[in-house]
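Descriptive analysis of the structure
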Amino acid sequence: EPEVTQTPSHQVTQMGQEVILRCVPISNHLYFYWYRQILGQKVEFLVSFYNNEISEKSEIFDDQFSVERPDGSNFTLKIRSTKLEDSAMYFCASDWDLLGEKLFFGSGTQLSVL
Amino acid sequence: KNEVEQSPQNLTAQEGEFITINCSYSVGISALHWLQQHPGGGIVSLFMLSSGKKKHGRLIATINIQEKHSSLHITASHPRDSAVYICAGRDDKIIFGKGTRLHILP
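Each chain has its residues counted from 1, running along the sequence as written. To label them, take the chains in the order written and letter them from A, then take the ligands in the order written and number them from 1. Given that this is a predicted model, residues contribute local features only at a pLDDT of at least 70 and side-chain atom pairs are listed and counted only at 80 or more, while totals for whole chains, interfaces and linings are drawn from all residues. Side-chain numbers here rest on the full set of heavy atoms in the structure, without hydrogens or water.

A separate point is the sheet that holds strand β1 (residues 5–7) of chain A. Residue and element names in this part refer to chain A. Following DSSP output, two strands are said to pair if at least two bridges run between them. Runs of E in the DSSP output that reach at least two residues are strands. Runs of H or I that reach at least four are helices, and both are numbered from the N terminus. The sheet built from four strands is open, its strands ordered β1-β3-β8-β7 with antiparallel pairing. Each of the sheet's edge strands pairs with one partner strand only, and the pair in question is β1 and β7 (65–68). Averaged over all pairs of adjacent strands, the angle between their axes in this sheet comes to 20°, without regard to strand direction. Every axis in this analysis is a line fitted to C-alpha atoms, fitted for helices over the stretch in contact. Angles between the N-to-C directions lie between 0 and 180 degrees.

Take a look at the structure:
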């Protein structure tokens, strides 16, 4: 079965540093998403992306966050100046349709901000 | 405000038992996902429902649009079913429930 690939699996950074989390969605998918899950809490929606632009974003997705699809295959999440509270597991997901049968998730990047 | 509520929060059962996990959602959600999160953290999509019932192996998911309620059933449960099961409602974005932690004892 096709997979969404996320790299790195773990990222440790110092507070205030910029991080880029990378995702390779499934090749024919059109809708892309970032979610995060703080340890012990529920999964939270961050942003959805379609047709090379953000289609929806949550209150969490403030000016510190940005997304890009730089080359038609990668889908990146950038956090400009990380805070301690950004420590979480970040999941990328993709789908070929807005209400597709199955949302495909990557295995996540565990971000630790020290 | 669109919300998704799950129950129970935690569920422990013996192998072979029939399992039911419930999800209620508020207005504005046009479809519902059931997801499985493994102990290692990975998330797998099980079903997407906008009406009726779907079955895949030992898993059955139902949705009642009028009552804004969905259930996930597992028949003949097995220890490998132990995971967190998450209900997620979809409109413009996806709203996640807090998950049900299921533990099946051998």
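Residue and element names in this part refer to chain A. Each residue's exposure class comes from its accessible area (1.4 Å probe, protein chains only) as a fraction of the maximum for that residue type: buried when under 20%, exposed when over 50%, partly exposed otherwise. In terms of residue burial, strand β4 (residues 31–37) counts as a mostly covered element, since seven of its seven residues are buried. Both faces of β4 are covered, namely the face carrying Y31, Y33, Y35 and Q37 and the face carrying F32, W34 and R36. In this sheet, strand β5 (residues 43–50) lies alongside β4 in antiparallel orientation, the contact comprising seven bridges. Bridge pairing links R36 to E44 in β5. Here β4 hands over to β5 after five residues, with G40 in that stretch at a positive phi of 85°. The sheet contact formed by β4 and strand β9 (residues 88–95) spans seven bridges and is antiparallel.

Working definition: rings of Phe, Tyr and Trp (its six-membered ring) pair if their centres are within 6.5 Å, and the pair is stacked with planes under 30 degrees apart, edge-to-face with planes over 60 apart, and tilted otherwise. The tally for this structure, following the rule as stated, stands at nine aromatic pairs over all chains. Between A:Y35 and A:F105, the ring centres sit 5.6 Å apart and the planes meet at 35°, which makes this aromatic pair tilted. Here A:Y35, found in strand β4, pairs with A:F105, found in strand β10 (residues 104–105); they are 70 residues apart in sequence, far enough to count as distant. By relative accessible area, A:Y35 is classed as buried at 0%. When its relative accessible area of 10% is taken as the criterion, A:F105 is described as buried. One aromatic cluster is present, built from ring pairs that chain together A:Y33, A:Y35, A:F45, A:F105 and B:F96.

Our next topic: the sheet that holds strand β7 (residues 59–64) of chain B. All names here are of chain B. The five strands lie next to each other as β1-β3-β8-β7-β6, forming an open sheet whose pairing is antiparallel. Because the sheet does not close on itself, it has two edges, and the strands there are β1 (4–7) and β6 (52–56). Across this sheet, the average inter-strand angle for adjacent strands is 15°, counted without regard to direction. Both β6 and β7 contribute to a ladder of five bridges, which runs antiparallel. Looking across to β7, one finds that K54 is bridged to A61.

The subject of this paragraph is the interface of chain B and chain A. Pairs of residues are marked as contacts when any of their non-hydrogen atoms sit within 4.5 Å. Contact with chain B, which involves 20 residues of that partner, is made by 19 residues of chain A. Summed over both partners, buried area is the accessible surface (1.4 Å probe) that two parts give up on being assembled. Note on chain B versus chain A: buried area summed over both sides is about 1700 Å², and carbon and sulfur give 60% of it. On the chain B side of the contact with chain A, B:I43, B:R90 and B:F96 bury the most area, a combined 33% of that side's loss. Salt bridge, as used here: a side-chain nitrogen of Lys or Arg that lies within 4 Å of a carboxyl oxygen of Asp or Glu. Notably, a salt bridge pairs B:R90 with A:D95, separated by 3.4 Å at the nearest N-O pair. For the side of chain B that touches chain A, the secondary-structure elements that each account for two or more residues are β4 (31–37), β5 (43–49), β9 (83–90) and β10 (94–96) of chain B. Three categories are distinguished: nonpolar for Ala, Val, Leu, Ile, Met, Phe, Trp, Tyr, Cys and Pro, charged for Asp, Glu, Lys and Arg, and polar for the others, with Gly belonging to the last. Residue composition of the side of chain B that touches chain A, by class: eight nonpolar, seven polar and five charged.

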